[in-house]
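Here is how the chains run, residue by residue.
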Amino acid sequence: MARSRHYLMCRPDHFAVTYAINPWMDPATGADAATAVRQWEQLKDVYEELGHTVSLIDPIDGLPDMVFAANGALVVGGRVYGAKFASAERAAEGPAYLRWFTGNGYGPVMEPSWTNEGEGDFLTLDEVILAGTGFRTSITAHKEAQEFLGRPVVTLQLVDPRYYHLDTALFPIDGRTVAYYPGAFSPGSREVLGRMFPDAVLASADDAAVLGLNAVSDGHNVVLNVEAGELALELKRRGLNVIPVDLSELRKAGGGPKCCTLEIRA
Ligand code: ARG
């Protein structure tokens, strides 16, 4: 069922592509912060028009990827599991996001011992948390999150560097089922997904390549990159309300709607 959500976002005032930590990023091409801000504001407007609450964290100069709030933490049942970034370029974001949560009265808060990039690699359903590994988040962090949150965490192996975070290849449609691009996963993980989600939406390589799987669903409304045409059609066929957004500038850093969105689950 659709219900009102609480999201944390970060305005891309300092957005740029000055380093390359995934195959989407090319410092020679760069990216334009003003365009990114305009597109990001449309995403924020969409959430507010849907009745969701958006909180903001202040962007920090020198952290161009901080707009990708999903990577800042994993918040489930009011417990805040902090991020510990894989790359030096983003390392300062982990403590910055944790400070926001403690400063705003959230807790318990856990400083992680193991590398993990928050909701980039942890996606929460009703009964389980799906967790990606292979490029960023370590399996030991999956165990640490399970212990801290008291929820079963299922490890999924990512194999394609373009889909370096779980949220670039899969999104929960609601608390029970998901959409995903099979090509991003190892054979064993594809089998796991097939068993867990026999009614999942399977996305094409073309829809994955425009970061169509980096979508945000509240169970009824799906906010999706506008270029993911086939996926949008299939979701509509299933009775979902698809809301297309244009985040082409942020895609130059390898991010889409979900990357910009950290859900705060009370
Ligand atoms: N440039 C960022 C990185 O490579 C993009 C992060 C996208 N975030 C996400 N949740 N997939 O870390």
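Here, every reference points to the structure presented above.
Conventions adopted
Residues numbered from 1 in each chain as written. Predicted model: local features only at pLDDT ≥ 70, side-chain atom pairs only at ≥ 80, totals over all residues. Heavy atoms only, no water. Helix = DSSP H or I, 4+ residues; strand = E, 2+ residues; numbered from the N terminus. Buried < 20%, exposed > 50% of the residue type's maximum accessible area, 1.4 Å probe, protein only. Contact = heavy atoms within 4.5 Å. Areas by Shrake-Rupley, 256 points an atom, 1.4 Å probe, with all protein chains shown as cover. Lys, Arg positive; Asp, Glu negative; His and termini not counted. Charge placed at Lys NZ, Arg CZ, Asp CG, Glu CD. Pairing = 2+ DSSP bridges. Axes fitted to C-alpha atoms, helices over the stretch in contact; angles between N-to-C directions. Near = heavy atom within 4 Å. Polar contact = N/O pair within 3.5 Å; in protein donor to acceptor, adjacent residues only side chain to side chain. 1 Å grid on protein atoms, 1.4 Å probe; cavity = no way out; pocket = protein on both sides within 12 Å on 5 of 7 lines; lining within 4 Å. Sits in = over half its atoms within 2 Å of the grid points. Core = buried A, V, L, I, M, F, W, Y, C linked by side-chain atoms within 4.5 Å. Right-handed = clockwise from strand over helix to strand, strands pointing away.

Visitor: Could you clarify how one ought to interpret the overall build of the chain in this entry?
Guide: Within the chain, the regular secondary structure consists of 7 helices and 15 strands. Dimensions along the principal axes, computed over C-alpha positions, put the chain at roughly 45 × 40 × 35 Å. Within the chain, the proportion of its 266 residues that are buried is 57%. Considering only contacts within the chain whose residues lie at least 6 apart along the sequence, 69% involve residues at least 24 apart. About 10400 Å² of surface is accessible on the chain, with carbon and sulfur atoms providing 50% of the total. Counting 23 positive and 34 negative side-chain charges, the chain places the centres of these two groups 4 Å from one another.

Visitor: What exactly am I supposed to notice about the sheet that holds strand S7 (residues 129–133) here?
Guide: For sheets, the rule is that strands pair by backbone hydrogen bonds, running either parallel or antiparallel. Taken in spatial order, the 3 strands make up an open sheet running S6-S7-S8, and their pairing is mixed. Where the open sheet ends on each side, the last strands, each with one partner, are strand S6 (122–124) and strand S8 (153–157). Within the sheet, the average angular offset between the axes of one strand and its neighbour, ignoring direction, is 25°. Relative to S7, S6 runs antiparallel, the two being bridged by 3 bridges. Following the sheet pairing, Thr 124 is matched in S7 by Ile 129. Helix-sheet contacts for helix H4 (residues 187–196) involve S7 and S8, and the interaxial angle to S8 is about 135°.

Visitor: Can you help me understand unusual backbone geometry in this one?
Guide: Omega for the peptide link from Gly 107 to Pro 108 comes to 0°, which places this bond in the cis form. Here Pro 108 shows up in the loop between helix H2 (93–103) and strand S5 (109–110). At Leu 211, a position not held by glycine, the phi torsion is positive, near 60°. Within the element layout of this structure, Leu 211 appears in the loop between helix H5 (205–209) and strand S12 (216–217). On the accessibility criterion, Leu 211 (0% relative accessible area) is buried.

Visitor: Can you walk me through the site of the ligand in this structure?
Guide: In the neighbourhood of the ligand, 17 residues make up the surrounding shell, with Asn 22, Arg 90, His 165, Asp 167 and Cys 259 lying closest. The side chain of Asp 65 places a nitrogen or oxygen atom 2.9 Å from a nitrogen atom of the ligand. One of the side-chain N or O atoms of Arg 90 is found 2.6 Å from an oxygen atom in the ligand. Across the complex, the protein chains shield 100% of the 350 Å² of accessible surface that the ligand would expose by itself. Assessed atom by atom at 2 Å from the grid points, the ligand resides in the largest cavity.

Visitor: Could you clarify how one ought to interpret the nonpolar core in this entry?
Guide: Looking at soluble globular proteins, one finds that nonpolar side chains tend to be buried together. In terms of nonpolar packing, the biggest core is built from 38 residues, with Leu 130, Leu 170, Phe 171, Phe 185, Leu 231 and Leu 235 touching the most fellow members. Within the residue set of this core, elements represented by two or more residues are strand S9 (170–172), strand S10 (178–180), strand S13 (221–225) and helix H6 (229–237). Contacts of Leu 235, omitting those with residues within four sequence positions, involve Phe 171, Ile 173, Val 201, Val 222, Leu 224, Leu 240 and Val 242. Among the nonpolar cores identified, the runner-up in size contains 23 residues, and Tyr 7, Val 67, Phe 68 and Val 216 belong to it.

Visitor: Just checking my understanding: could you explain the pairing of S13 for this structure?
Guide: Within a regular beta strand, the side chains point alternately toward one face of the sheet and then the other, so they alternate between its two faces. Counting buried positions over the 5 residues of S13 gives 5, a clear majority of the element. Relative to S13, S12 runs antiparallel, the two being bridged by 2 bridges. Each residue of the ladder has a partner; that of Val 216, found in S13, is Val 223. In this antiparallel pair of consecutive strands, S12 and S13, the connection spans 3 residues, and Gly 219 shows a positive phi of 100°. Taken together, the 5 bridges between S13 and strand S14 (residues 241–245) define a ladder with parallel strand orientation. Following the sheet pairing, Val 222 is matched in S14 by Val 242. Since S13 and S14 lie parallel, the crossover through H6 that links them has a hand, and here it is right-handed.

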